[in-house]
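# Survey of secondary and tertiary structure
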Amino acid sequence: MDEATAGGTVDGVTVTDPATMKRAVSAAAIGNVTEWFDFGVYGYLATTIEAEFFPPGPLSQVAVFATFAIAFFFRPLGGLFFGPLGDRIGRTKVLSMTVILMALGTFLIGLIPSYASIGLAAPILLVCARVLQGFSTGGEYAGAMTFIAEYSPDRRRGFFGSFLELGTFVGYALGATIATVLPLVLSPEIMSSWGWRIPFFVALPLGIVGVYLRVRLEETPAFQTLLAESEKREGTAVKDGLKLIFTRYLPTFIMVGGIVVVWNVTNYMLTSYMPTYLETTVDQHGGTSIDSTTSSWLQIIVLWAAVFVIPLLGRLSDRIGRKPIMWTGAAGLIVLGVPMILLMQNGSVPTVFLGLLLMGALLICFSSTSPSTLPALFPTEIRYGGLSIAFNIFVSAFAGTVSLVMSALVLATGDLLWPGYYLIAAGVIGAITLYFLPETARRPLRDSRPAASSEAEARELARSGT
């Protein structure tokens, strides 16, 4: 019998020390806080960014969202670079690179002079900073999912995995809160001249904290096992990993993509497009908008509420399974897609809040379960690469472009219900994918040994053969 250590084994079952597990969750989640802090700031300062970096005109709003979306076209490149590299040299090293690059891209946005100062160079530099963010993010989220999943015991993977999305909502809510509070405490002159830059500067310290937490951790038990079983000093070669992803595991790749689409279309609809939709778009096309401060606070309340509910749903998924919770989300999008959007068009604060709350509730059905579901579908040798490539291709193609597509469709047709139609389509994709998706709760990761949080649990798993 092997001695149980952090990443050791008992009767062939991996045992992760609880203290190490907590550090692993914190190290993974801080990257998500950094990433989504930027999205929160960008989304809630979209009007300011439009005025600062773009010439005035009817297409300036579309230009802001196009700049937001352009980062997503570089996420697949980041996934192709960092994902297989993580399977080659290890999760910890690559995640330390991605978090600091991501924070640096956000920090640089705060340094760019305005369009009034340097003309077209301003939007060009903004695009460059967004490209850096997109490239680094391509290796961040899937790597963090892999990292937590490989450290987690089988019976609690849903709970621990949910903290990754808790980091998402904390980061976004923190960015949104700061972006909303600053105009209340700074004069309009200070806010427009330099105050809006403050939230972007905050990202760099967050990134430094992320690097500190990550470099202090050993590699995940699953990756250490892979190295021990290999004659090489490092993991899967990049060429071999890519070949496996697009041949043997192509069905898995597509299945991951389906979950990513329904999850992230809902995510970006709520967090990136709804601020502009509620504050300006509705009023421009026959509805009644609400003022920007009220809109911001309603969404911030929804986001902070999600922070507290996500771990509860993650824990629930360890008991009843991931799929029942995901089915609730997909069915809800199909049935409530249009009604949610109708609630947000009359300018009434209670009905707008109800619409946002419903959308947030359906989103966390996926946010609480996907981080523990998706890593379980790939084997250790290509887990980081497979997840990175699949996640970023489908996010870039269908989710990161939500704000741009919605803005263009509503502008072209005048139909304010396009967000509802889009959510229904996402729900249908999610339902089809769930039909084929295997249940992963309380089971080992694919092609991995069972994992437990204590010696007693390890012996129980060994006796039961699961």
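This text follows the structure it describes.
The structure displayed is predicted, hence computed values, not measured ones. (Residues numbered from 1 in each chain as written. Predicted model: local features only at pLDDT ≥ 70, side-chain atom pairs only at ≥ 80, totals over all residues. Heavy atoms only, no water.)

## Notes on the side chain of T180
Locating T180 in the fold gives a position in helix 7 (residues 157–185). With a relative accessible area of 8%, T180 lands in the buried category. One polar contact links the side chain of T180 to the main-chain carbonyl oxygen of A176, over a distance of 2.7 Å. (Helix = DSSP H or I, 4+ residues; strand = E, 2+ residues; numbered from the N terminus. Buried < 20%, exposed > 50% of the residue type's maximum accessible area, 1.4 Å probe, protein only. Polar contact = N/O pair within 3.5 Å; in protein donor to acceptor, adjacent residues only side chain to side chain.)

## Details of the side chain of T16
Secondary-structure assignment places T16 in the loop between strand 2 (13–15) and helix 1 (18–44). Separated by 3.0 Å, the side chain of T16 and the backbone oxygen of Y151 make a polar contact.

## Describing the nonpolar core
One finds Y268, M274, Y277, L356, M359 and L374 to be the most contacted residues of the largest nonpolar core, which totals 120 residues. Top element by residues in this core is helix 12 (residues 250–284). It accounts for 17 residues. Excluding residues that lie within four positions of it along the chain, L356 makes contacts with L270, M274, L278, L298, Q299, V302 and M344. In terms of nonpolar packing, the next biggest core, distinct from the first, is built from six residues, V10, V15, A452 and A458 among them. (Core = buried A, V, L, I, M, F, W, Y, C linked by side-chain atoms within 4.5 Å. Contact = heavy atoms within 4.5 Å.)

## Some remarks on a positive patch on the surface
Judged by side-chain charge, K22, R156, R315 and R319 come together as a positively charged surface patch. Assignment of secondary structure puts R315 in helix 13 (residues 292–320). (Patch = residues over 30% accessible without salt bridge, like charges linked within 9 Å, V, L, I, M, F, W, Y side chains within 5 Å. Areas by Shrake-Rupley, 256 points an atom, 1.4 Å probe, with all protein chains shown as cover. Salt bridge = Lys/Arg side-chain N within 4 Å of Asp/Glu carboxyl O. Lys, Arg positive; Asp, Glu negative; His and termini not counted. Charge placed at Lys NZ, Arg CZ, Asp CG, Glu CD.)

## Examining the packing of aromatic side chains
Applying the stated criterion to the full structure yields 18 aromatic pairs. Arranged with centres 5.6 Å apart and planes meeting at 85 degrees, the rings of F53 and W196 form a pair that is edge-to-face. Residue F53 is found in helix 2 (residues 46–53), and its partner W196 is found in the loop between helix 8 (188–193) and helix 9 (198–215); the two are separated by 143 residues along the sequence. Judged on exposure class, the residue F53 and its partner W196 are both buried. Plain terms: the ring middles of Y141 and F391 are 5.0 Å apart, the flat faces sit at 25 degrees to each other, and that makes the pair stacked. In this pair, Y141 is assigned in helix 6 (residues 121–151) and F391 in helix 17 (residues 383–399), connecting sequence segments 250 residues apart. (Phe/Tyr/Trp six-rings, centres within 6.5 Å; stacked < 30°, edge-to-face > 60°.)

## What to know about the packing of helix 12 against helix 17
One way to put it is that helix 12 packs onto helix 17 with a least axis distance of 8 Å and a crossing angle of 45 degrees. Considering the angle they form, helix 12 stands oblique to helix 17. Note on packing geometry: the crossing formed by helix 12 with helix 17 is right-handed. Contacts from F253, V256, G257, V260, V261, W263, N264, V265 and Y268 of helix 12 reach helix 17 at G386, L387, I389, A390, F391, I393, F394, V395, F398 and A399. Of the residues in the contact of helix 12 with helix 17, the class split is 16 nonpolar, three polar and no charged. (Axes fitted to C-alpha atoms, helices over the stretch in contact; angles between N-to-C directions. Parallel < 35°, antiparallel > 145°, perpendicular 65-115°, else oblique. Left-handed = near helix turned anticlockwise from the far one by under 90°. Nonpolar A, V, L, I, M, F, W, Y, C, P; charged D, E, K, R; others polar.)

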